[in-house]
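# Chains, contacts and geometry: an overview
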Amino acid sequence: PTVPRAGSTLLGYIGIDTIIEQMRKKTMKAGFDFNIMIVGHSGLGKSTLVNTLFKSQVSRWSSGWGGEHKIPKTVEIKAVSHVIEEGGVKMKLTVIDTPGFGDQINNENCWDPISKYINEQYEKFLKEEVNIARKKRIPDTRVHCCLYFISPTGHSLRQLDIEFMKHLSRVVNIIPVIAKSDTMTPDEKNEFKHRVRKELETHGIEYYPQNEFDDDMEDKNENDKIREAMPFAVVGSDKEFQVNGKRVLGRKTAWGVVEVENPNHCEFALLRDFLIRSHLQDLKEVTHNIHYETYRARRLNDNGGLHPISANNTQESNL
Ligand code: GDP
Ligand code: MG
């Protein structure tokens, strides 16, 4: 490593600030995991939105996901990983799809397989952590974020929406979004967003970013703005249109082309910026420090301290 010359004079520069560069180099070398789960009944545009979020990198390997219209008889969990690189930084993105959710006649407890999957990933991480010869870097399969798709009915949340978010919001970071928002007029959209927010509040559902985890006033002010704008009303698309001489992703509707990335048209860009450009690291930290920590504490308690955890003994969620 290069030691800055300026450090040699007594009252001069020490070089503490180079930690940032050191961390940057390590992150560049190691890359990072980001695991995102998508939940909502079929046809709400989940696959399309994820492809839109991560651009062609993802759509190349996931084509065929959305095309399938066979509905599984129970909720299935499908995880697909792909490495995306930008500016020399590698992200191993895992998208966890949950086909079959909300598609049954009786949707009672259909969040069970989902909460089981989430807890299994915590369990896996915990086992690695308590291992005597633990890995220097534990592979992270924990779900950092769960995008929950709300149907653009314009009425209210369904019972299932409320039940799911109630059960899961203590276990994982939930980000509710309003799907296919191009099917509503701007007035309907605002009205619906307002109503959904009220309902979430009435039912005491804490979505991400949770009030209680704001670090300081600056954090709180920033997150308040986001919370007031949620749930984001999004539009996804894989079709390009020519607008003012530029090619943009969009959808053709009765009143013209809705541009996916235009903040005057929908809130896709807001969601993308929030999820990736401003809060990705925080999503990972809240997962580790709050959700995983809760699981771990409960697990080690139940286990009477640090006895080895037996294999194949994954706990169901009681949270
Ligand atoms: P999934 O079952 O939730 O994964 O939904 P898909 O992504 O497969 O999309 C289902 C259908 O809805 C496809 O025909 C998409 O073209 C369409 N679709 C996806 N996103 C949107 C959207 O934002 N608005 C509208 N109007 N249609 C969409
Ligand atoms: Mg799909």
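Keep in mind the model is a prediction, meaning the values are calculated, not measured. (Residues numbered from 1 in each chain as written. Chains lettered and ligands numbered in written order. Predicted model: local features only at pLDDT ≥ 70, side-chain atom pairs only at ≥ 80, totals over all residues. Heavy atoms only, no water.)

### Some words on the overall build of the protein chain
The cut-off we apply is this: Only DSSP runs of H or I with at least four residues qualify as helices, and only runs of E with at least two residues qualify as strands; both kinds are numbered from the N terminus onward. Note on contacts: a residue pair qualifies if any of its non-hydrogen atoms lie within 4.5 Å across the two residues.
Per the secondary structure count, the protein chain includes nine helices and nine strands. Pairs at least 24 apart in sequence give 69% of the contacts found in the protein chain among residues at least 6 apart.

### Side note on the pattern of salt bridges
The condition is simple: Here a salt bridge means any side-chain nitrogen of Lys or Arg lying within 4 Å of a carboxyl oxygen belonging to Asp or Glu. Think of it in three bands: with a 1.4 Å probe and only protein chains considered, a residue is buried below 20% of the maximum accessible area for its type, exposed above 50%, and partly exposed in between.
Using the criterion set out here, one finds 19 salt bridges in the structure. Among the salt bridges present, the one from D161 reaches R158, with a minimum N-O distance of 3.8 Å. Its salt-bridge partner being E293, residue R296 comes within 3.2 Å of it at the nearest N-O pair. Of this pair, R296 and E293 both sit in helix α9 (residues 280-302), three residues apart, roughly one helical turn. Take R296: its relative accessible area is 27%, and that puts it in the partly exposed class. With a relative accessible area of 32%, E293 lands in the partly exposed category. In this structure, a network of salt bridges that share partners links the residues D214, K220, D224 and R227.

### Some remarks on the packing of aromatic side chains
What counts here: Two rings belonging to Phe, Tyr or Trp (six-membered ring only in the last case) form a pair when the distance between their centres is within 6.5 Å. Interplanar angles under 30 degrees mark stacking, angles over 60 mark edge-to-face geometry, and anything in between is tilted. Distance and angle both matter: a charge sits over a ring if NZ of Lys or CZ of Arg is within 6 Å of the ring centre and within 35 degrees of the ring normal.
Applying the stated criterion to the full structure yields eight aromatic pairs. Summarising the aromatic geometry, the rings of F125 and Y292 are spaced 5.1 Å apart at their centres and angled 80° between planes, so their arrangement reads as edge-to-face. Of this pair, F125 sits in helix α4 (residues 112-130) while Y292 sits in helix α9, and the two are 167 residues apart along the sequence. Side by side, F125 and Y292 carry an identical accessibility label, which is buried. Ring-pair connections join several aromatic residues into one group, and the members of that group are Y122, F125, Y292 and Y295. When the ring centre of F125 is taken as reference, the NZ or CZ atom of R142 above it lies at 3.5 Å. Looking at R142, its charged tip hangs above the ring of Y292, at a distance of 4.9 Å from the centre.

### Structural notes on the pairing of strand β4 (residues 145-150)
Under the convention used in this document: Strand pairing follows a simple DSSP-based rule, namely that at least 2 bridges must link the two strands. For crossovers, right-handed means that the path from the first strand over the helix to the second runs clockwise, given strands pointing away from the viewer.
Along β4, six of the six residues are buried, which leaves the element largely enclosed by surrounding structure. Of the two faces of β4, the one lined by C145, L147 and F149 and the one lined by C146, Y148 and I150 are each fully buried. As judged from the five bridges shared by β4 and strand β5 (residues 174-178), these two strands associate in the parallel manner. What sits directly across from I150, in β5, is I178. In terms of handedness, the path from β4 via helix α5 (residues 159-168) over to β5 forms a crossover that is right-handed.

### Considerations on the side chain of K46
Convention followed: When charges are counted, Lys and Arg contribute as positive and Asp and Glu as negative, whereas His and the chain ends are disregarded. Counted as a polar contact is a pair of N or O atoms within 3.5 Å, where, for protein atoms, one must be capable of donating a hydrogen and the other of accepting one, and residues adjacent in sequence contribute only when both atoms are in side chains.
Looking at where K46 falls in the secondary structure, it is placed in helix α2 (residues 46-53). No salt bridge is formed by the buried K46, whose closest oppositely charged neighbour, D97, lies at an N-O distance of 5.1 Å. Engagement of the side chain of K46 in a polar contact is seen with the backbone oxygen of G40, the distance being 2.9 Å. In terms of polar contacts, K46 uses its side chain to reach the backbone carbonyl oxygen of H41, at 3.1 Å.

### Re the site of ligand 1
Short version of the rule: The rule for a residue being near a molecule or strand is that one of its heavy atoms must lie within 4 Å of it. Per-residue and other accessible areas follow the Shrake-Rupley method at a 1.4 Å probe size, with only the shown protein chains counted as cover for residues. Amino acids are sorted into nonpolar (Ala, Val, Leu, Ile, Met, Phe, Trp, Tyr, Cys and Pro), charged (Asp, Glu, Lys and Arg) and polar (every other residue, Gly among them).
Among the 14 residues in the neighbourhood of ligand 1, the closest are listed as G43, K46, S47, T48 and D182. One of the side-chain N or O atoms of K180 is found 3.2 Å from an oxygen atom in ligand 1. Here ligand 1 loses 76% of its free accessible area of 580 Å² to cover by the protein chains. Element by element, the count of residues in the shell around ligand 1 is highest for α2, at three residues. Of the residues assigned to the shell around ligand 1, the class counts are two nonpolar, eight polar and four charged.

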